[in-house]
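Breakdown of the fold
Take a look at the letters that make up each chain.
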Amino acid sequence: MANTNSSPFDASSADEMGARAVNKRYEGLVKVRTKAIKGKGAWYWTHLEPILIQNSDTGLSKAVKLKCSLCEAVFSASNPSRTASEHLKRGTCPNYNSCVKPISTSPSPSPSSSHFNRKRSPLPANFHSSYQTNSLPQLTYSPAQNPVGNSGNSGLSTQHLVLSGGKEDLGPLALLENSVKKLKSPKASPGPALSKDRVDSALNSLSDWFYECCGSVSFSSLDHPKFRAFLSQVGLPPLSIRDFLGPRLDLKFDSAKTESEARVRDAMFFQLSCNGWKRSIHSSNKEEENLVKFTVNLPNRTSAFQKALFMNGSVPSKYAEEIMWESIRSACGSNVQRCVSIVSDKYKSKALRNLEIENHWMVNLSCQLQGFISLMKDLFKELPLFKTTTDKCLKLAKFFNNECHVRSIFFKFQMQELDHAGLLRIPSPKFDKSKIISPVISMFEDIISCGHVLQLVVMDDSYKVSTMEDPLAREVAEMIRNVGFWNELDAVLSLVKIIKLMAQEIETERPLIGQCLPLWEELRSKVKEWCAKFSIDKNPVEKILEKRFKKSYHPAMSAAFILDPFYLMKDSSGKYLPPFKCLTQEQEKDVDKLVTRLVTREEAHVALMELMKWRSEGLDPLYAQAVQFKERDPISGKMKIANPQSSRLVWETCLSEFKSLGKVAVRLIFLHATSCGLKCNWSFLRWVFVNGNSRVGLEKAQKLVFIAAHTRLGRRDFLNEEEKDAEIFATGSGEDDILNEVFADASSA
């Protein structure tokens with residue numbers, strides 16, 4: 001009876017003890033999983049969840065199982081690591097591969113090895129255990145020995161590792177191997193997951209920047225390991241060059257071209273600008289001269305990019321004329337009279353003139369920037385002062401660069417005074433100063449900057465010894481000691497600096513045609529001051545200046561100057577009248593001729609009558625003051641017109657009574673006087689010319705140029721990256737102090 005009564009009690013006690021053990025096991029697994037999810041444990045706990053199985057009769061816990069959160073399958077909790085290996089890594093779980101994609105995977109096992117007994121049992125003969133994280137390759141290992149069973153898996157890897165800890169060492173071994181791989185080729189851990197919309201937005205912004213900087217950022221940089229690591233760090237997928245030069249490029253190009261063509265269609269008239277026929281004076285990029293850029297200048301002072309053409313070598317004038325006319329037809333369609341002007345950096349005397357004669361409504365201009373640059377070339381070619389100074393500086397620079405003993409003395413004093421040493425820049429023996437003058441200017445600047453050093457060299461005892469035997473050394477020494485040489489060099493550089501600064505301002509400000517006469521008059525005034533300062537005969541200089549002005553002049557300059565309300569002058573009676581008194585008699589005649597040419601024969605007489613009325617009455621003072629109102633530009637600090645479009649708008653509103661003259665005025669005063677505009681670093685063009693026979697490559701290059709140009713024009717960003725970098729790193733030159741120091745030393749020597 002005693003045994004019978006004690007049996008239920010003992011069974012109940014045993015169940016409770018078993019339940020406590022199961023609960024303890026469950027709590028332990030939950031703690032391990034919680035830590036693992038926080039990054040302090042095995043990878044598989046993200047997908048395996050401990051669950052308690054209860055006895056349906058007693059309600060007590062009887063077992064702990066592991067449930068796969070991906071497919072809801074339930075397994076024994078006796079060995080979670082093995083369960084993860086067999087169920088997740090071996091491909092048994094149908095949802096695991098779609099959830100997690102390893103960077104690299106081991107060979108797939110044969111079908112016969114896909115299913116193992118989920119209870120603790122001997123491992124198959126060639127069982128592969130692997131450890132993997134989201135950022136590391138999958139590694140595969142085999143245990144040391146071949147347990148009995150599953151001989152059908154012998155087709156798998158036959159490599160066997162002898163590990164002292166048995167199969168439990170496989171996980172730590174995988175960690176070790178992964179650490180070695182990370183040290184050999186470090187890879188950034190993936191960044192936070194981004195939504196598809198945010199990824200698309202980020203890639204669009206990145207592609208916009210890349211296309212806009214094309215040439216400055218090479219295509220190969222997309223495959224740079226550091227750049228790929230950065231993308232991974234911020235959660236972006238790796239980029240494909242094929243995608244950037246394929247569908248994405250086509251989409252951006254179509255969007256930009258559609259927008260550009262729509263803006264041109266909306267304008268009543270426009271000006272065609274073409275630049276690139278002539279190589280820039282400052283350009284060191286030989287490929288740039290092969291890229292001719294066509295831009296459409298609109299009446300509202302904005303521009304739309306039309307196209308870029310690649311030219312090999314010099315282009316005949318007749319062919320250039322055909323290209324210009326085709327560009328006009330492409331932009332205008334059937335109504336070619338919408339194009340009222342062409343401005344180009346070349347072909348003024350032939351192509352532009354022919355098109356203007358054939359189409360009476362057109363005003364074709366040569367780029368005024370090229371006029372100022374050509375003036376500098378004229379001075380080097382025709383003014384004796386520039387010729388003699390160039391010859392003297394060439395003799396000095398070659399002597400100091402070529403004579404070993406003198407060069408060593410020169411370097412010594414350079415290090416002493418300037419903390420650096422180097423040769424003086426000298427133009428190539430093959431250079432033609434009538435075409436390229438920048439090497440000569442660089443030589444002048446080097447000699448000026450080293451003036452004090454040159455003074456010390458010729459006063460050095462070792463140099464004096466060399467002059468006793470070398471007549472050239474004595475001649476150079478006398479030249480350096482001569483104050484007149486430095487005065488001449490200073491004079492030449494000062495005039496070059498005057499013209500260069502005005503040219504740079506023209507390039508930056510992109511003046512309209514009405515500003516041309518004031519610009520040339522400003523240059524004349526500065527040249528007169530320069531002649532007086534350096535005691536130079538002004539007649540030869542003014543002769544060269546006037547000769548270049550006549551080559552750059554167009555009657556439209558005078559007409560626009562008269563018709564633009566911004567240049568109205570207040571007389572003694574308080575009226576704001578056009579500045580006819582600033583014109584010569586020939587220029588006044590030019591205004592009459594141009595006005596009558598730009599209207600129909602029936603309107604010619606009316607237009608001249610309206611011009612006389614405009615001359616005598618001018619504009620209402622209130623409107624004139626509004627047009628001429630200026631405000632300080634926050635970027636440059638200069639005073640600029642507050643509303644640049646007001647001159648044209650005045651003619652279309654309060655001066656609408658001038659029917660014929662008004663049509664001429666609005667078509668003239670908006671015209672640009674320069675063809676310069678967009679400047680980019682087109683270094684990628686080397687690839688185009690190397691593969692010049694590739695039609696696909698040429699089309700892609702043209703699309704890249706179009707996208708970059710369209711974006712920059714919309715932002716009115718005309719500087720290239722090199723110029724922006726130069727502004728960032730620019731420092732004061734202290735040129736005046738250097739000159740003063742040279743002159744002081746020369747006079748005391």
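Residues take numbers from 1 onward in each chain, read along the sequence in its written order. With pLDDT at 70 or above as the cut-off, local features in this predicted model cover only qualifying residues; side-chain atom pairs require 80 or more to be listed or tallied, and sums for whole chains, interfaces and linings still use all residues. Water and hydrogen atoms were dropped before computing side-chain values, which therefore reflect all heavy atoms in the structure.

1. A look at the confidence of the model for the protein chain
Keep this limit in mind: For every residue, the predictor assigns a confidence score, pLDDT, that lies between 0 and 100. Helical segments are the DSSP runs of H or I of at least four residues, strand segments are the runs of E of at least two, and each set is numbered from the N terminus. Here a residue-residue contact requires only that any non-hydrogen atoms of the pair lie within 4.5 Å.
Summing up the model confidence of the protein chain, the mean pLDDT is 80 and the portion of residues at 70 or higher is 78%. Between the elements of the protein chain, mean pLDDT differs from a low of 43, seen in helix α30 (residues 735-748), to a high of 97, seen in helix α21 (residues 555-563). pLDDT under 50 marks residues 1-9. Its contacts with residues more than four places away, or in other chains, come to zero contacts. Below a pLDDT of 50 lies the segment residues 101-159, which in the model reaches 117 contacts outside its immediate sequence neighbourhood of four places, other chains included.

2. What to know about the pairing of strand β6 (residues 303-310)
For clarity, the cut-off: When a residue's accessible area, from a 1.4 Å probe over protein chains only, is under 20% of the maximum for its type it is buried; when over 50% it is exposed; and in between it is partly exposed. Any two strands with at least two DSSP bridges between them are considered paired.
The buried count for β6 comes to seven of eight residues, which makes it a mostly enclosed element. In this structure, strand β5 (residues 291-297) lies alongside β6, joined through seven bridges in antiparallel fashion. Each residue of the ladder has a partner; that of T295, found in β6, is F305. Counted between consecutive antiparallel strands, the loop separating β5 from β6 contains five residues, among which R301 sits at a positive phi close to 70°.

3. Comments concerning the environment of V22
On the secondary structure map, V22 appears in helix α1 (residues 2-37). Residue classification places V22 among the buried positions, given a relative accessible area of 14%. Between the alpha carbons of V22 and A63 there is a distance of 5.9 Å; along the sequence they are 41 residues apart. Each residue touching V22, except ones within four places of it in the same chain, is listed here: L52, S61, K62, A63 and V64.

4. Examining the sheet that holds strand β7 (residues 339-344)
Basically, it comes down to this: Axis lines are fitted to C-alpha atoms, over the contacting stretch for helices. Their N-to-C directions set the angle, which ranges from 0 to 180 degrees.
Strand order in this open sheet of five strands is β6-β5-β4-β7-β8, and the pairing throughout is mixed. Two strands close off the open sheet at either side, each with one partner strand: β6 and β8 (363-366). Sheet twist, expressed as the mean angle between neighbouring strand axes with direction ignored, is 15°. Judged from the five bridges that link them, strand β4 (residues 270-275) and β7 form a sheet pairing that is parallel. Within the sheet, the bridge partner assigned to F270 lies in β7 and is C339.

5. Digging into the pattern of salt bridges
Opposite charge on two side chains lets them pair, provided their charged atoms get close. Rules: One side-chain nitrogen of Lys or Arg within 4 Å of one carboxyl oxygen of Asp or Glu is enough to make a salt bridge.
The final tally for this structure, using the stated rule, is 24 salt bridges. Linking D378 and R548 is a salt bridge whose minimum nitrogen-to-oxygen distance equals 2.8 Å. Residue D378 is located in helix α11 (residues 368-382), and its partner R548 is located in helix α20 (residues 538-552); the two are separated by 170 residues in the primary sequence. Exposure remark for R548: the relative accessible area of 13% places this residue in the buried category. With a closest N to O distance of 3.4 Å, E588 and R615 form a salt bridge. Here R615 lies in helix α23 (residues 601-617) and E588 lies in helix α22 (residues 585-597), a separation of 27 residues in the sequence. Within this structure, E521, R524 and E546 form a network of salt bridges that share partners.

6. Here's the deal with the nonpolar core
To be explicit about the condition: Residues enter a nonpolar core if they are buried and are Ala, Val, Leu, Ile, Met, Phe, Trp, Tyr or Cys, with the set joined through side-chain atoms within 4.5 Å.
If you look at the biggest cluster of nonpolar residues, it comprises 112 residues, and the most contacted ones within it are L396, F400, Y463, L563, W614, W651 and L668. With twelve residues, helix α18 (residues 483-509) is the largest single contributor of residues to this core. Those residues within four positions of W614 in sequence are excluded, and the remaining contacts are I562, L563, L568, P578, L619, W651, L655, F658 and L661. The next biggest cluster of nonpolar side chains, apart from the first, holds 29 residues, and it includes V292, I328, A331 and M362.

7. Here's the deal with the packing of aromatic side chains
Applicable threshold: Two aromatic rings, drawn from Phe, Tyr or Trp (for Trp, its six-membered ring), form a pair once their centres lie within 6.5 Å of each other, and the interplanar angle then sorts them: stacked below 30 degrees, edge-to-face above 60, tilted otherwise. A ring has a charge above it when a Lys NZ or an Arg CZ is no more than 6 Å from the ring centre and no more than 35 degrees off the ring normal.
A complete count under the given rule lists 26 aromatic pairs for this structure. Within the aromatic cluster, the residues linked to one another by ring pairs are F399, F400, F410, F411 and Y463. K307 extends its terminal NZ or CZ atom over the ring of F294, reaching a point 5.2 Å from the ring centre. A cation sits over an aromatic face here: R524 above F549, 4.6 Å from the ring centre.

8. Details of helix α15 (residues 451-459)
Burial of α15 is extensive: eight of the nine residues sit out of reach of the surface. Listed as buried for α15 are G451, H452, V453, L454, Q455, L456, V457 and V458.

9. So, the pairing of strand β2 (residues 61-68)
Each regular strand shows side chains that alternate between the opposite faces of the sheet. Relative to β2, strand β1 (residues 48-54) is paired through seven bridges, and the arrangement is antiparallel. The residue bridging L48 from the neighbouring strand is C68, located in β2. Of the pairings in the sheet, the one linking β2 to strand β3 (residues 74-76) comprises three bridges and is antiparallel in character. In the sheet register, K67 faces β3, and the bridge partner there is V74.

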